[in-house]
Amino acid sequence: LFQVNNESTGRRTHAGVQEFIAEEGMCYLPYWMMCNLALQEGQIVHITNTTLPKGTFVKLQPVLSEFLEISNPRAVLENSLRNFATLTVGDSVVIDYNDKKYEIEVVE
């Protein structure tokens, strides 16, 4: 796991790696992560290797109540969150479902 910092704003998050395809000195971040870090494309970001304790509980809050109107939001979350190596309190993650994007806040 890695800690990702925008040192100009003091914002930080944590992430894993999906693929090592970027050129040396470069990284690709999802748009929602760039928003959480208040990063612009091409801006410098500081990345360090880190170890985090294993989570046993997470409290999530959809930004819009529209997410709760899908047929089985719990199953959608369980399936979607398998793609995340880690979650950071205070972040908002984006989940794609049925060609829609849902923003979910990590509360605890």
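Up top you'll find the structure we're talking about.
Trainee: I would appreciate a short explanation of the side chain of Ser92 in the present structure.
Mentor: For Ser92, the position within the fold is in strand E5 (residues 92–97). Among the polar contacts listed, one links the side chain of Ser92 to the side chain of Glu103, at a separation of 3.4 Å. Residue contacts for Ser92: discarding those within four places in its chain leaves Trp32, Asn36, Glu103, Ile104 and Glu105.

Trainee: Help me understand the environment of Leu1, please; the structure alone is not making it clear to me.
Mentor: Along the chain, the position of Leu1 falls in the segment before strand E1 (2–6). Here Leu1 falls in the partly exposed class, since its relative accessible area comes to 35%. Apart from the residues lying within four places of it in its own chain, the contact partners of Leu1 are Ala15, Gly16, Thr48, Asn49, Thr50, Leu52, Ala85 and Thr86.

Trainee: What is the right way to look at the sheet that holds strand E6 (residues 100–106) in this model?
Mentor: Across a sheet, strands are paired by hydrogen bonds formed along the backbone, either parallel or antiparallel in direction. Read across the open sheet, the 3 strands follow the order E4-E6-E5; overall the sheet is antiparallel. Since the sheet does not close on itself, it has two edges, and those belong to strand E4 (60–62) and E5, each with one partner. Averaged over neighbouring strand pairs, the angle between their axes works out to 35° when direction is ignored. Bridge analysis of E4 against E6 gives 3 bridges, and the strand direction is antiparallel. Within E6, the residue paired with Gln61 across the bridge is Glu105. Along the sheet, helix H2 (residues 73–81) contacts E4, E5 and E6; its crossing angle with E5, the most-contacted strand, is approximately 110°.

Trainee: I tried to follow the pairing of E1 on my own but got confused; where do I start?
Mentor: Where a strand is regular, its side chains alternate between the two sheet faces. Both E1 and strand E2 (residues 11–15) contribute to a ladder of 5 bridges, which runs antiparallel. Bridging across to E2, Asn6 finds its partner in Arg11. Once E1 ends, the chain turns through 4 residues before running back antiparallel as E2, passing Gly10 with a positive phi of about 80°. For E1 and strand E3 (residues 46–49), the ladder comprises 4 bridges, and the chain directions are antiparallel. Residue Phe2 lies in a different strand from E3, and its bridge partner there is Asn49.

Trainee: Help me understand the environment of Trp32, please; the structure alone is not making it clear to me.
Mentor: You can see Trp32 is positioned in helix H1 (residues 31–37). Residue Trp32 is classed as buried on the basis of its relative accessible area, which comes to 16%. Each C-alpha atom, one on Trp32 and one on Glu108, is 18 Å from the other, the two residues being 76 residues apart in sequence. Leave out the neighbours within four places in its chain, and Trp32 touches Phe84, Ser92, Val93 and Val94.

Here is what the cut-offs are and how they apply
Residues numbered from 1 in each chain as written. Predicted model: local features only at pLDDT ≥ 70, side-chain atom pairs only at ≥ 80, totals over all residues. Heavy atoms only, no water. Helix = DSSP H or I, 4+ residues; strand = E, 2+ residues; numbered from the N terminus. Polar contact = N/O pair within 3.5 Å; in protein donor to acceptor, adjacent residues only side chain to side chain. Contact = heavy atoms within 4.5 Å. Buried < 20%, exposed > 50% of the residue type's maximum accessible area, 1.4 Å probe, protein only. Pairing = 2+ DSSP bridges. Axes fitted to C-alpha atoms, helices over the stretch in contact; angles between N-to-C directions.

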